[in-house]
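These are the residues of each chain, in order.
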Amino acid sequence: MVSKIVFGRGSFSQLGEILEPKRVNRNAPFIYFVDDVFKGNAWLTSRIPLAYDDKIIYVSAAEEPKTSQIDQLVEQIILDYKERPSGIIGIGGGCIMDVAKAVSIMLNNDGESKDYQGWDLVKNPAVYHVGVPTISGTGAEVSRTTILTGPERKLGINSDFTPFDQVILDPELTKDVPKDQWFYTGMDCYVHCIESLNGTYLNAFSKTYGETAYELCKEIFLSDHLTAEEAQDKLMMASWHGGMSIAYSQVGVAHAMSYGLGYLLGVKHGIGNCIVFDHLEEYYPEGVKLFKQMKEKHNIQLPQGICANLKDKEFDTMIGVALSLEPLWENAIGKNWKKKITPEVLKALYQKM
Ligand code: NAD
Ligand code: ZN
């Protein structure tokens, strides 16, 4: 779990005092990975407390992080500085959270990041790392994974060293998120709740967090009584609780299939989950019904026909990626999932998207 958290509007301004005691020495910088959407945004960047050799590296979130990108960033840091950084700080959405987590792990572990995709393969603790989310929903700020696209698969580095040492939850940072993106990333949280609460892995720990996040999502996306600030505060807490819920259970059908879309077509996590979830009535009837209401209320038009022109080989690739995520299917369907979930079933679903 994340060991330290601060929450509150404006709490981002505490970054300096939080980091100060963590500085190893003058030669060991703090490296900030900042979403490049904030380039030139003085409101945010003027509060980043740079000293000595500290550096801001702007990272684009246009594409999800790749293992090759992580390896390159790590190499650059090792070449540029005499000492290992005092800390890595990620400021942005799920993409930037994952970059910060992965780089901090790889600075202290040999080899390439693709070698660590999987469960509990990391040997050494990561460099001190801090997460500052600027958009809510993925739960990447709280999870024990960092999702990377590698040469062979899209899979997380899941380990006890992955979670942040410190998270700053300042809902004010999310105030300029574009509407569609707000919906897609917010729905990632909603889907986490549905998949966790309807999964066979469910337990009292996950259920408690999942139910809290689910109720918050209903309030945020279906009610009319919240102010913008209240909605930002609540979505940030929903994201946290949704992330905690899946940390002790698992996601399900939407995530497995969305990973396939992401791997083959580069469809991003949030919108990919929405595209898939829209067609999952058979698996999550109640959840999909509410999702469609939310979509309508916020006037969201999802892309259609994204699989229309795919060749058989491409379907096979997507289906292969989806089916390889065995724990997700076992959670969603049960131990005998292979009897129900066949390549044909998945192809028919993908063809609808
Ligand atoms: P994102 O990082 O992909 O960003 C989405 C868009 O929002 C980008 O264009 C970004 O520039 C913009 N943005 C972010 N904050 C903004 C702000 N305050 N104002 C204006 N624009 C802003 O968004 P996401 O949906 O949070 O993250 C998706 C990524 O998270 C995927 O790579 C996915 O694999 C990963 N993910 C990780 C976990 C995990 O547990 N590690 C869980 C779910 C998803
Ligand atoms: Zn997700």
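Residues numbered from 1 in each chain as written. Chains lettered and ligands numbered in written order. Predicted model: local features only at pLDDT ≥ 70, side-chain atom pairs only at ≥ 80, totals over all residues. Heavy atoms only, no water.

With that out of the way, let us pick up the packing of helix α5 (residues 179–197) against helix α10 (residues 285–297). Where α5 contacts α10, the axes come no closer than 11 Å and their chain directions differ by 165 degrees. By the criterion of interaxial angle, the relationship of α5 to α10 is roughly antiparallel. Of the two possible hands of crossing, α5 and α10 adopt the one that is right-handed. On α10, the residues touching Phe183, Met187, Tyr190 and Ile194 of α5 are Glu286, Gly287, Leu290, Phe291, Met294 and Lys295. Among the residues making up the contact of α5 with α10, the classes are represented as seven nonpolar, one polar and two charged. (Axes fitted to C-alpha atoms, helices over the stretch in contact; angles between N-to-C directions. Helix = DSSP H or I, 4+ residues; strand = E, 2+ residues; numbered from the N terminus. Parallel < 35°, antiparallel > 145°, perpendicular 65-115°, else oblique. Left-handed = near helix turned anticlockwise from the far one by under 90°. Contact = heavy atoms within 4.5 Å. Nonpolar A, V, L, I, M, F, W, Y, C, P; charged D, E, K, R; others polar.)

Scanning the entire structure with this criterion turns up 19 salt bridges. Between Arg23 and Asp54 there is a salt bridge, with its nearest N and O atoms 2.7 Å apart. Of the two residues, Arg23 is situated in the loop between α1 (15–19) and β2 (30–35) and Asp54 in the loop between α2 (42–45) and β3 (55–59); the sequence distance between them amounts to 31 residues. Through salt bridges with shared partners, one network takes in Asp278, Glu281, Lys292 and Lys295. (Salt bridge = Lys/Arg side-chain N within 4 Å of Asp/Glu carboxyl O.)

This part covers the environment of Asn158. Relative to the assigned elements, Asn158 resides in strand β8 (residues 154–158). Judged by its relative accessible area of 11%, Asn158 is buried. In sequence terms Asn158 and Ser143 are 15 residues apart; their C-alpha atoms lie 8.8 Å from each other. (Buried < 20%, exposed > 50% of the residue type's maximum accessible area, 1.4 Å probe, protein only.)

The next thing to look at is the pairing of β8. Among the five residues that make up β8, five are buried, leaving the element largely enclosed by the rest of the structure. Relative to β8, strand β5 (residues 118–119) runs parallel, the two sharing two bridges. Within β8, the residue paired with Gly118 across the bridge is Ile157. Two strands pair when backbone bridges link them, and strand β7 (residues 147–149) and β8 are joined in this way by three bridges, in the antiparallel orientation. Bridging across to β8, Ile147 finds its partner in Gly156. (Pairing = 2+ DSSP bridges.)

Another aspect to go through is the packing of aromatic side chains. All chains considered together, the criterion is met by ten aromatic pairs. Between the aromatic rings of Phe183 and Phe291, the centroid separation amounts to 6.3 Å while the plane-to-plane angle is 40 degrees, which identifies the pairing as tilted. With Phe183 in helix α5 and Phe291 in helix α10, the pair connects residues that are 108 residues apart, well separated along the chain. Across this residue pair, the class does not change: Phe183 and Phe291 are buried. Considering the side-chain rings of Phe205 and Tyr209, the 5.2 Å spacing of their centres and the 50 degrees angle between planes classify their relative orientation as tilted. Remark: Tyr209 and Phe205 occur in helix α6 (residues 204–222); sequence separation between them is four residues, near one turn of the helix. (Phe/Tyr/Trp six-rings, centres within 6.5 Å; stacked < 30°, edge-to-face > 60°.)

What follows covers the UniProt feature "domain: Fe-containing alcohol dehydrogenase-like C-terminal" (unreviewed entry) in the protein chain. In this numbering, the UniProt entry assigns the feature "domain: Fe-containing alcohol dehydrogenase-like C-terminal" (unreviewed entry) to residues 184–289. Annotated as residues 184–289, this span is 75% helix and 0% strand, and its ends, taken at the C-alpha atoms, are 17 Å apart. (UniProt positions renumbered as here; feature names shortened; annotations may be inferred.)

Next up on the list: the site of ligand 1. Around ligand 1 sit 28 residues, and of these Gly94, Asp98, Ser143, Thr185 and Lys268 come closest. In the model, an oxygen atom of ligand 1 is placed 3.5 Å from a nitrogen or oxygen of the Glu64 side chain. Between an oxygen atom of ligand 1 and a side-chain N or O atom of Ser143, the distance comes to 2.6 Å. Protein contacts shield 91% of the accessible area of ligand 1, which totals 870 Å² for the unbound molecule. Of all the secondary structure elements, the ones that give two or more residues to the shell around ligand 1 are α4 (94–106) and α5. No other element matches the four residues that α4 contributes to the shell around ligand 1. For the shell around ligand 1, a count of residues per class yields eleven nonpolar, ten polar and seven charged. In terms of domain composition, the shell around ligand 1 takes at least three residues from each of domain 1 (4–174) and domain 2 (179–352). (Near = heavy atom within 4 Å. Polar contact = N/O pair within 3.5 Å; in protein donor to acceptor, adjacent residues only side chain to side chain. Areas by Shrake-Rupley, 256 points an atom, 1.4 Å probe, with all protein chains shown as cover. Domains from an automatic or database assignment.)

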